[in-house]
Every structure is written in structure tokens, then in C-alpha cells.
Amino acid sequence: MSVLRKKNEEKLIKQLKAGDKNAFKVLFEQYKNTVYKYGYLVTRSQMTAEETVQEVFMKIWQNRKQLDSGRSFKPYLFTVTKHHVYNLLRKATNDEKLKAQVYYQQDYICHATENQIAYHELEKLQNEIIAMLPTQRQRIFRMSRMQGLSHKEIAQQLGISTNTVKDQIVKATKTLKEYFRTHADVAMLLVCCNHLFL
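Because the structure is predicted, anything quoted here is derived from the model rather than measured.

1. Looking at the overall build of the protein chain
- When helices and strands are counted, the protein chain shows 10 helices and zero strands.
- Across the protein chain, helices and strands are ordered from the amino to the carboxyl terminus as α-α-α-α-α-α-α-α-α-α.
- By residue count, 36% of the 198 residues in the protein chain fall in the buried class.
- Long-range pairs, those at least 24 residues apart, make up 65% of the contacts in the protein chain between residues at least 6 apart in sequence.
- Here the protein chain has roughly 11900 Å² of accessible surface; of this, 52% comes from carbon and sulfur atoms.

2. Description of the packing of aromatic side chains
- Counting across every chain of the model gives seven aromatic pairs.
- With a centroid separation of 6.2 Å and an interplanar angle of 80 degrees, the aromatic rings of Phe-24 and Phe-57 are classed as edge-to-face. Note that Phe-24 is positioned in helix 2 (residues 21-43) and Phe-57 in helix 3 (residues 46-62), a separation of 33 residues in sequence. The same class applies to Phe-24 as to Phe-57, namely buried.
- Seen in terms of ring centroids, Tyr-38 and Phe-78 are 5.8 Å apart; in terms of plane orientation they differ by 85 degrees. Their pairing is edge-to-face. Here Phe-78 lies in helix 4 (residues 73-92) and Tyr-38 lies in helix 2, a separation of 40 residues in the sequence.
- Exposure remark for Tyr-38: the relative accessible area of 0% places this residue in the buried category.
- Each member of the aromatic cluster is reached from another via a ring pair, and the members are Phe-24, Phe-28, Phe-57 and Trp-61.
- In this structure, Arg-64 packs its charged tip against the face of Trp-61, placed 4.0 Å from the ring centre.

3. A word on helix 2
- Residue Tyr-31 marks the point of greatest curvature in helix 2, where the axis turns by about 45 degrees.
- Within helix 2, the full set of buried residues consists of Ala-23, Phe-24, Leu-27, Tyr-31, Thr-34, Val-35, Tyr-38, Gly-39, Val-42 and Thr-43.
- Between the side-chain oxygen at the start of helix 2 and the backbone nitrogen of Asn-22 there is a gap of 2.8 Å, and the oxygen is on Asp-20.
- Positioned one or two residues after helix 2, Arg-44 has a phi angle of 60 degrees, which is positive.

4. Considering the confidence of the model for the protein chain
- Across the protein chain, the average pLDDT comes to 76, with 70% of residues at or above 70.
- Predicted confidence is poor over residues 104-114, with pLDDT under 50, and the contacts of this stretch with residues over four places away or in other chains come to 12 contacts.
- Across residues 184-196, where pLDDT falls below 50, the model places 20 contacts with residues more than four positions away in sequence or in other chains.

5. Some remarks on the pattern of salt bridges
- Tallying each qualifying case throughout the model produces two salt bridges.
- A salt bridge links Lys-32 to Glu-29, with the nearest nitrogen and oxygen atoms 3.2 Å apart. Residue Lys-32 and its partner Glu-29 are located together in helix 2, separated by three residues, close to a single helical turn.
- Assessed through its relative accessible area of 26%, Lys-32 is described here as partly exposed.

6. Quick notes on the side chain of Gln-138
- Among the secondary structure elements, Gln-138 is positioned in helix 7 (residues 135-145).
- Within polar-contact distance, the side chain of Gln-138 engages the backbone oxygen of Ile-130 at 3.4 Å.
- When near neighbours in sequence (up to four residues on either side) are disregarded, Gln-138 contacts Ile-130, Ala-131 and Leu-133.

7. Brief notes about the nonpolar core
- Residues Leu-16, Leu-27, Phe-57, Ile-60, Phe-73 and Leu-77 are the most contacted members of the largest nonpolar core, which totals 16 residues.
- With five residues, the top contributor of residues to this core is helix 2.
- Once residues within four sequence positions are removed from consideration, Ile-60 is found in contact with Leu-16, Phe-73, Tyr-76 and Leu-77.

Rules and cut-offs
Residues numbered from 1 in each chain as written. Predicted model: local features only at pLDDT ≥ 70, side-chain atom pairs only at ≥ 80, totals over all residues. Heavy atoms only, no water. Helix = DSSP H or I, 4+ residues; strand = E, 2+ residues; numbered from the N terminus. Buried < 20%, exposed > 50% of the residue type's maximum accessible area, 1.4 Å probe, protein only. Contact = heavy atoms within 4.5 Å. Areas by Shrake-Rupley, 256 points an atom, 1.4 Å probe, with all protein chains shown as cover. Phe/Tyr/Trp six-rings, centres within 6.5 Å; stacked < 30°, edge-to-face > 60°. Lys NZ or Arg CZ within 6 Å of the ring centre and 35° of its normal. Bend = angle between axes of the 7 residues up to and from the residue. Polar contact = N/O pair within 3.5 Å; in protein donor to acceptor, adjacent residues only side chain to side chain. pLDDT = per-residue confidence, 0-100. Salt bridge = Lys/Arg side-chain N within 4 Å of Asp/Glu carboxyl O. Core = buried A, V, L, I, M, F, W, Y, C linked by side-chain atoms within 4.5 Å.

Below you can see the structure in the form of C-alpha cells.
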């Protein structure tokens, strides 16, 4: 991301946090297709993908005050989208009506199931790698990536500096990247799940 675009995005996030509907509309227009494509890629349902866009951006609007203008918006958007889609798939396995809506063609059921398996395998492996990190680094990484907390929030909760938080996240991310770089088959799964948000 260019410096200008980053500053533009930071400004939009600040405006969104303050309740600016125009800033929200700009971000919606910029990212709605990415969210739609991800929803469709996983569920193969046009209706579900459209609902995913609505639900994801509704959550972003509702939680706008928790956004960190100093952090990139895209990773946060990906986390919200990923959780929404996979929660929907989990519910669909126990709800016949929802299952019919999401898996409306047999070919698509197979495709979605394969994506679910790939996602869960990747998530399991990622958790195993994170579990091998030093205790504090592991905790900081989980608070950042899985709870969506800002560096400042983590620092306040743990009683450490924001620089320490940043350093630990950089080191944890480096460990994950190095592992995936040396395990090509797993890296391919990562690309399948994340490529629309890169």
C-alpha cells in the first residue's frame, strides 16, 4: 500500500470511528467486491455471498469505535469476513433450511466441504505453531490477530510498552511465515483461503 493510500485509509477509519457515514460508504465501495468474492468462493451461493457483504459491513459499522486507525483495515476486514462465513457453514450443518440455502447444488456442497476441511486443517496447524511460541509472544499474537485488539490495548492490558507488543507480533509473524515458506503444501492452503485479501 502506498503512503498516500495508507494516510487516506487512516483518515477514513478516523472518520468512520466518529460515525461518518460517507467514510463508511467509501470503505464499503472499496471492499464490498472482495468480501463478496470470498463469500462466494467458500459457499458457492450468490445469495449467501450478498448476505455476507451486508452482515460483515453491518458488524464493522456496529463496532466502528473499536477500529484502530493506525492499523491496516484489510486484515481486520478479512478476520470479520472469515469468522462470519465459517460460522455460517458450521450452522448450516445442523440447520436443514440454512443448509438448503447455502448448499443449493451438490457440486457446491463438495466444494464448500473441501474448503472447510482445508481451512480447519490450516487453522489447526497455525494454532500448533503459535502454541510453540514463547508464552508472552503467543499471548500477544492471539490478542492481536484473534481478538482484534490494537497494540495500545494489548500494551495496557499486559502492562508493557506498545513497542514490545509490536516487536513480539513481528517475531511471531516471522515464525509463521518461515514455517509456511518451508512447507509448500500448507502454504498453498493459505493462499486459497487468503488470496482475495492480500
